[in-house]
Amino acid sequence: MRRSRTHRSPEEDQEGGMATQGGARQHGSVVSMEAERRRGDRPRGLSLLRSGDGGFDPERVANGLGWFSIGLGLAGVLAPAKLTRIIGLKGRGVSKVVARVVGVRELAAGIGILTEPRPARWVWSRVVGDVMDLAVLGIGFTGRRVRRGRLALATVAVAGVTVVDAVCAQQLTSLTRVSAGSPDGRTLRARKRVIIDRPADALYRFWRDFSNMPRFMERVESVQTLDERRSHWRVKAPGGITLQWDSQVTDDRPNEVIAWRSLEGSPVQHSGVVRFEPARGGRGTVVTVDMEYTPPGGAVTAAAAKLMGLTPEQQLQEDLRRFKQLMETGEVARSESALSGAGRPPQTGEPRGGTR
Amino acid sequence: MKANCWLGKRRVEVQDVPDPKILNNRDAIVKITSTAICGSDLHLYNGFVPTMKSGDILGHEFMGEVVETGSAVKNLKAGDRVVVPFPIACGACAQCRRGLFSTCENTNPNAWMAEKLWGHSIAGVFGYSHMLGGYPGGQAEYARVPFADVGPIKIPAGIPDEKVLFLSDIYPTGYMGADMCNIQPGDTIAVWGAGPVGLFAMKSAQLLGAERVIAIDRFPYRLRLARERAGAEVINYEEADVYDVLLDMTAGRGPDACIDAVGLESHVFGPLYAYDRAKQAVGLESDRPYALRQAIMACRSGGTVSVIGVYGGFIDKFPMGAVMNRSLTIKTGQCHVQRYMKPLLERIEKGEIDPSFVITHRMRLDEAPRGFDMFTNKEDDCLKIVLTP
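Residues numbered from 1 in each chain as written. Chains lettered and ligands numbered in written order. Predicted model: local features only at pLDDT ≥ 70, side-chain atom pairs only at ≥ 80, totals over all residues. Heavy atoms only, no water.

**Thoughts on the interface of chain B and chain A**
And then number 1: Between chain B and chain A, the residue contacts involve 38 residues of the former and 27 residues of the latter.
And then number 2: Taken together, the two surfaces of chain B and chain A that pack against each other cover about 2,500 Å², and 44% of this comes from carbon and sulfur.
And then number 3: The largest contributions to the chain B side of the interface with chain A come from Asn106, Pro109 and Trp112 of chain B, which together make up 22% of the buried area.
And then number 4: Here chain B is connected to chain A by four salt bridges.
And then number 5: Glu105 of chain B is paired through a salt bridge with Lys324 of chain A; the nearest N and O atoms lie 2.5 Å apart.
And then number 6: Linking chain B to chain A there are 13 residue pairs in polar contact (both at pLDDT 80 or more).
And then number 7: For the side of chain B that touches chain A, the secondary-structure elements that each account for two or more residues are β4 (56-57), α2 (94-97) and α3 (111-118) of chain B.
And then number 8: Per-element tally for the side of chain B that touches chain A: the top contributor is α3 of chain B, with three residues. (Contact = heavy atoms within 4.5 Å. Buried area = accessible area lost by both parts, 1.4 Å probe. Salt bridge = Lys/Arg side-chain N within 4 Å of Asp/Glu carboxyl O. Polar contact = N/O pair within 3.5 Å; in protein donor to acceptor, adjacent residues only side chain to side chain. Helix = DSSP H or I, 4+ residues; strand = E, 2+ residues; numbered from the N terminus.)

Here you go:
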């Protein structure tokens, strides 16, 4: 979150997060920020393999593994002979060199885990290292003057650590994946920003007429205006389903902000905020959009949606690119091979360059 | 209609494809009367440009007659004769309004692809990969021209196609190469590559007041043209060490500006060529930058290295130390053709230059595959091929 925080304007901070007002949704975003902050301020000290509330906290486990790596790494680098003897190998020749190499690798992994705010890939590097170590130990059994008892113990220990590493890495990875959304993975969330060489009022006016959405939002089929504040949305979800809901404007400051959210009981919980701010140096208008979708079916649908289509960030980026094209040139740039203009490989049935 | 399609590395074929249709209000459909094969088409032909798909129509140098216009195109009507610039520019975004048309922010529907490779996208380009928009090119009977109210320039009756066709790309590109050198009276300008773009760069350098122009190439027929048609002194890099000769010619100081009109498939003799070719083959380096390296090393301290040869991705052994310590300026870019078309058309009309001097071969569109093969292998002293549908 540290990085995103620097992008937040003071105004947003006063509002306490996304400008979606009230209800469980705002609670959701607060929780997610809480989780992010916790990750950022991860305690650097040696912590045990459990979190305060007794569950498996991958962040803390990663910390523990990081320090474990440092310890093992120092041993491997400074006392390779001793280390190899402890695990039952001869403390000489090739095994000593291998111990040094392992030591360097472990130091790198340890430093990586402890210093990176998102250590998932470093923990994965430990998993790879574990597999290598198991292979080395396996080769060790074929040696003649080895102490098989010690070697077996070492193998069991490494195998155990491998399991911890793999589980931890897997959990960290899934944590990173949903960090763009809510901590439970049910909400798809995106923020993007674009600079448009038009005055804010023109952009505001176009956006405020929600029936314009389908002209630049690829997945929005239609938006029907019901009254001053309410509108009916039809949106193509990945997989060919069309979702519909009613939405209402929750904030509307001419030429500055429009916020909207789906009504209670909608199949999809959706909200969005668009802000129009003058670009510095009189260079047009900065348009910032935050969007959230919580599709029906919970985390499974959300994950499927991401797999099948673009990530929410990519989708929003492409939509905003088209918004800019429309506002600056009056049309969306189209080529025969990229008729939809979307940022993804052409899907079945779409015109593509090769078929001309 | 018939169109020359890319099918794979070193494979093009003239195929029957559907006619283009107006897709947007600012489009026009042009019936092509003349089109050309560009040296940069050879980068596509030889498979150095990513995101090409089998069936893509090639060609970004073309002109013809407007046959249909979208409702928002007010400056053109059916029957107008136009030359179409190769970058597609909207004319409205901040980049276009700065005159940087080839970096238009709005005309590449596949901008995300270019962003992955280059950090930011540039304008869409006709017939030049999906990364640059996937727009069908102009080696065809017809082409759809987006933002037709911005790019195409009307050509008065009475000027033959061959004199103005190259306003679409190579003449402005060469001119921009010289323009970027900020030529001062007395300057010596060295140009790597005596292909059509290099020749136009030499010619333009002279028009812009250069004292001396030096051409570097290895094909005698190209060097002869450089000498005869562009008034250049020449160096054949197969016969002499370019750096030594350039320094000798300039009494040790080096050319005031160096123009790289070669780009990513340059050649050099010796082990360095094998080294870079091998890296290119296994994907460790996408472009071979000998001409650029030489240009940097030879350039006078404080001088300008102007790069108009096309590069696609990454190079290595880039002599940044020379650039930094010797106060060199590197200027480069895909040509902002829209900026140059009108003044250069005036030069043609005034008879200061007749760009058709680069044409060596004229063929029917059907013969495009033979043309590509010939141009790649520099057979029959091939320099520039013009195709007529």
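**A few points about the pattern of salt bridges**
All names here are of chain A.
And then number 1: Applying the stated criterion to the full structure yields 36 salt bridges over all chains.
And then number 2: Linking Arg234 and Glu221 is a salt bridge whose minimum nitrogen-to-oxygen distance equals 3.3 Å. Of this pair, Arg234 sits in strand β3 (residues 230-236) while Glu221 sits in strand β2 (residues 220-225); the two residues are 13 residues apart in sequence, bridging distant segments of the chain.
And then number 3: On the basis of relative accessibility, which here comes to 29%, the residue Arg234 falls in the partly exposed class.
And then number 4: What makes Glu221 partly exposed here is its relative accessible area of 33%. (Buried < 20%, exposed > 50% of the residue type's maximum accessible area, 1.4 Å probe, protein only.)

**Focus on the nonpolar core**
And then number 1: If you look at the biggest cluster of nonpolar residues, it comprises 81 residues, and the most contacted ones within it are Val164, Phe166, Leu167, Leu199 and Met202 of chain B.
And then number 2: In terms of nonpolar packing, the next biggest core, distinct from the first, is built from 34 residues, Ala200, Phe216, Val249 and Val332 of chain A among them. (Core = buried A, V, L, I, M, F, W, Y, C linked by side-chain atoms within 4.5 Å.)

**Comments concerning the sheet that holds β4 of chain B**
All names here are of chain B.
And then number 1: Read across the open sheet, the three strands follow the order β2-β1-β4; overall the sheet is antiparallel. Whereas interior strands pair on both sides, the edge strands pair on one side only; in this sheet they are β2 (11-16) and β4.
And then number 2: Pairing geometry for strand β1 (residues 2-8) and β4, over two bridges, is antiparallel. Opposite Trp6, over in β4, you have Asp56 as the bridge partner.
And then number 3: Sitting on the sheet, helix α13 (residues 368-377) is in contact with β1 and β2, with an inclination near 165° to β2. (Pairing = 2+ DSSP bridges. Axes fitted to C-alpha atoms, helices over the stretch in contact; angles between N-to-C directions.)

**Some words on unusual backbone geometry**
All names here are of chain B.
And then number 1: Positioned with a positive phi, Thr51 is a non-glycine residue whose angle comes to about 65°.
And then number 2: Mapped onto the elements, Thr51 comes out in the loop between α1 (39-45) and β4.
And then number 3: Overall, the relative accessible area of 30% leaves Thr51 in the partly exposed class.
And then number 4: Of note in this structure, Ala251 is not a glycine but carries a positive phi near 55°.
And then number 5: Mapped onto the elements of the fold, Ala251 is located in the loop between α8 (242-249) and β14 (257-260).

**Quick notes on the sheet that holds strand β15 (residues 304-307) of chain B**
All names here are of chain B.
And then number 1: Taken in spatial order, the six strands make up an open sheet running β13-β12-β11-β14-β15-β16, and their pairing is parallel. Two strands close off the open sheet at either side, each with one partner strand: β13 (233-236) and β16 (329-332). On average, adjacent strands in this sheet sit at an angle of 20° to one another, irrespective of strand direction.

**Comments concerning the pairing of strand β5 (residues 61-69) of chain B**
Residue and element names in this part refer to chain B.
And then number 1: Note: strand β3 (residues 28-37) against β5, eight bridges, orientation antiparallel. Bridge pairing links Ser34 to Met63 in β5.
And then number 2: In terms of strand pairing, β5 meets strand β6 (residues 81-84) through four bridges, oriented antiparallel. From the neighbouring strand, Phe62 faces β6, where its bridge partner is Val84.

**Observations concerning the environment of Val249 of chain A**
Residue and element names in this part refer to chain A.
And then number 1: Position of Val249 relative to the elements: it lies in strand β4 (residues 242-253).
And then number 2: The exposure class of Val249 is buried, given its relative accessible area of 3%.
And then number 3: Distance in space between the C-alpha atoms of Val249 and Val273 is 9.6 Å, their sequence separation being 24 residues.
And then number 4: Apart from residues no more than four positions distant in its own chain, Val249 is found in contact with Arg208, Phe210, Arg229, Ala259 and Trp260.

**Considerations on the confidence of the model for chain A**
And then number 1: Per-residue pLDDT for chain A has a mean of 77; in total, 75% of the residues score no lower than 70.
And then number 2: Low pLDDT (under 50) marks residues 339-356 of chain A, which in the prediction has 41 contacts with non-local residues, meaning those over four places away or in another chain. (pLDDT = per-residue confidence, 0-100.)

**Here we look at a negative patch on the surface**
Residues and elements named next belong to chain B.
And then number 1: A contiguous patch of negative charge on the surface is contributed by Asp373, Glu379, Asp380 and Asp381.
And then number 2: Considering the arrangement of structural elements, one finds Asp373 in helix α13.
And then number 3: Under the relative-accessibility criterion, Asp373 is labelled partly exposed at 34%. (Patch = residues over 30% accessible without salt bridge, like charges linked within 9 Å, V, L, I, M, F, W, Y side chains within 5 Å. Areas by Shrake-Rupley, 256 points an atom, 1.4 Å probe, with all protein chains shown as cover. Lys, Arg positive; Asp, Glu negative; His and termini not counted. Charge placed at Lys NZ, Arg CZ, Asp CG, Glu CD.)

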